[in-house]
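Here is how the chains run, residue by residue.
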Amino acid sequence: MSDDRRNTRPETLVRRMPLAEGVSRPVVTPIQPSVVYASPSIDTLHAQYEGRETGYTYAREGHPNATLLARKIDAMEGAEGGIVTGSGMAAVTAALMGLMGAGDHVVGGNQLYGRSLRLMHQDLGRFGIATSVADPTDAEAVRAAIRPETKMILVEVVSNPTLRVADMEGIAKVAREAGVLLAVDNTFTTPRAWRPFEHGADIVIHSVTKLLAGHSDVTLGYVVAKDAALQKAIYDFAVTTGLTPSPYECWLAERGLYTFPLRYDRAEANAAALADFLAGHPKVKRVLYPGRDDHPDRARAKALLGERTGNMVSFEIEGDERAANRMVEAAPQLPFAPTLGDVGTTLSHPASSSHRALTSEARAELGMSDGFFRVSVGIEEIDLLISDFEQGLAAV
Ligand SMILES: *Cc1c(COP(=O)(O)O)cnc(C)c1O
C-alpha cells in the first residue's frame, strides 16, 4: 500500500475513537452492541479469564446490557448471579440440560408451558434424560413420581390455562426430603406475587418476554440457581450452546422493568374486575380466577400469594367453537393472540392453539372445552375493557 492511500484511510473505519464525553452522564442506560472487547494486553486477558480482573471478551459469553438486566431481576428475586437468555425456553433448556445428563430423571408439572412439556416428552429422552409428569396441585402425586435417579422437579406456581395453584409448600418439602432440585418457572406469578427462593426452590426460571418486559416486543429469559456451582454449569451450557440474548432486547426489557410494578398492579386490579363482570354475565358458564371465592384453589392461592391474584383470567362461554369464533370476530379490539403479559389485553383459545394437539377428551379432562378462553389482562381503562367483552359476548 502506498503512503498516499494510508493517509486517505477513511475516518469511519477508525474504531478506536471514543464517544465524546463530558462532565455529565446519560440518565438512560446506553446500548452496548459490541460483540468483541479488546483487552490491553495478554496479561490482562489472562487476568480476566482467571477472574482477577473484570471485563468482557465476547458477547456470547456476556455483555453489559445482559449483565445489568440480570442484576435487576436478581434483585427482584432475591437471587445472585442469574443470567439472561435469548428466550424463556432457552432458560428452561439451560436449567434442564445444563444440570442433567444421561441416566437422570426429571419430574415436571403436568400442565407446564406447552414447549416445556414438549421438551420433556420429545427431546430430553434422546439425550438419555428420563421424564415423568405429575399433578402439582397434589404433592403426594409428585412424591410418587420420584425415582432413585430423579434429579429435579420442574413446576409452575399457577398453571396455564386453567389457573390451578400448585401445592408449592408440599412440593418443596417433597424435594427437600428426596434430595432433589426444585426448579420453579415463575413467569406467571412474577416476584411481585411469589419469590421461589423464599419457599425452598433451588432454581428460578422466567420468560422475561411476558410480564417482566411487558410490551410484546422482546423475547428473553432468565435463569438462576441458588448454588454457585450449579449456576456456573447453567452459564457454561448457555454460552456453549449460544442461548445468548441480544443487547438491544436486554435494553428494551430493562426499560420495561421500570414500570413492571405499576403494570402488574393495574393489570391485576383489572383482572379482578373483569373476572367479576364475566362471572355475572349470562353467556358465561364458568370463570377461573385465583382471587375469586369460587376458584377451586382459592384457599391455597390466598395462603401462598396473599392478596396477589395475578392478571390471568380464564372463562368458558355457553356454546361450542363456532360460538367462540363469533365472540373473537365481534371484538377485534381484543387481540386474539397466544401470548401473555402485554400492556394490552390479549385473548387466547387453548383448544385451537396451545392445546390443539390434544384430543377434545384430553382437553375436557384438563377442564378446557371448545368454549374455553384465557385472557391476559392488560392495563387499559377497565370500563373500556368491559365494554369490549360485552360486545364480544353479545355475539355468542
Ligand atoms: C412463554 C412461557 C415460556 C417460554 O418463554 P419464551 O420467552 O416464549 O421462550 C416458558 N414458561 C412459561 C410459563 C411461559 O408462559
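Residues numbered from 1 in each chain as written. Predicted model: local features only at pLDDT ≥ 70, side-chain atom pairs only at ≥ 80, totals over all residues. Heavy atoms only, no water.

### Some thoughts on the packing of aromatic side chains
- Under the defined criterion, the tally for this structure stands at five aromatic pairs.
- Ring plane angle 70° and centroid distance 6.1 Å describe the contact between F315 and F389, whose orientation is recorded as edge-to-face. Remark: F389 occurs in helix α15 (residues 382–394) and F315 occurs in strand β9 (residues 312–317); sequence separation between them is 74 residues.
- Relative accessible area serves as the criterion here: at 1%, F315 is assigned to the buried category.
- Residue F389 is classed as buried on the basis of its relative accessible area of 1%.
- Taken together, the ring pairs connect F315, F373 and F389 into an aromatic cluster. (Phe/Tyr/Trp six-rings, centres within 6.5 Å; stacked < 30°, edge-to-face > 60°. Helix = DSSP H or I, 4+ residues; strand = E, 2+ residues; numbered from the N terminus. Buried < 20%, exposed > 50% of the residue type's maximum accessible area, 1.4 Å probe, protein only.)

### Things to note about the sheet that holds β9
- The strand order β8-β9-β11-β10 describes an open sheet built from four strands, whose pairing is antiparallel. Unpaired on one side and paired on the other, β8 (284–288) and β10 (346–348) mark the two borders of the sheet. Sheet twist, expressed as the average angle between the axes of neighbouring strands with direction ignored, equals 25°.
- Sheet topology note: the β8/β9 ladder contains four bridges and is antiparallel. Of the residues in β9, the one forming a bridge with L288 is S314.
- In this fold helix α13 (residues 321–330) packs onto β9, β10 and β11 (372–376), with an angle of close to 130° to the strand it touches most, β9. (Pairing = 2+ DSSP bridges. Axes fitted to C-alpha atoms, helices over the stretch in contact; angles between N-to-C directions. Contact = heavy atoms within 4.5 Å.)

### Structural notes on the side chain of T187
- If you trace the backbone, T187 turns up in the loop between β5 (181–185) and α8 (190–193).
- Taking the relative accessible area as the measure of exposure, T187 reaches 8% and is therefore buried.
- Engagement of the side chain of T187 in a polar contact is seen with the side chain of D185, the distance being 2.6 Å.
- Only 2.9 Å separates the side chain of T187 from the backbone nitrogen of S207, close enough to count as a polar contact. (Polar contact = N/O pair within 3.5 Å; in protein donor to acceptor, adjacent residues only side chain to side chain.)

### Some remarks on the domain arrangement of the chain
- Domain annotation of the chain identifies domain 1 (42–257) and domain 2 (260–393).
- For domain 1 versus domain 2, the separation of C-alpha centres amounts to 26 Å.
- In this complex, domain 1 contributes 30 residues to the contact, which on the side of domain 2 involves 31 residues.
- Buried surface at the junction of domain 1 and domain 2, summed over both partners, amounts to about 2,700 Å²; 63% is from carbon and sulfur atoms.
- At the boundary of domain 1 with domain 2, the tally comes to two salt bridges.
- R192 is the partner of D265 in a salt bridge, and the nearest nitrogen-oxygen pair spans 2.8 Å.
- Where domain 1 packs against domain 2, one counts 14 residue pairs in polar contact (both at pLDDT 80 or more).
- Per-element accounting of the side of domain 1 that touches domain 2 gives the leading share, three residues, to α8.
- Considering only residue class, the side of domain 1 that touches domain 2 consists of 15 nonpolar, 10 polar and five charged. (Domains from an automatic or database assignment. Buried area = accessible area lost by both parts, 1.4 Å probe. Salt bridge = Lys/Arg side-chain N within 4 Å of Asp/Glu carboxyl O. Nonpolar A, V, L, I, M, F, W, Y, C, P; charged D, E, K, R; others polar.)

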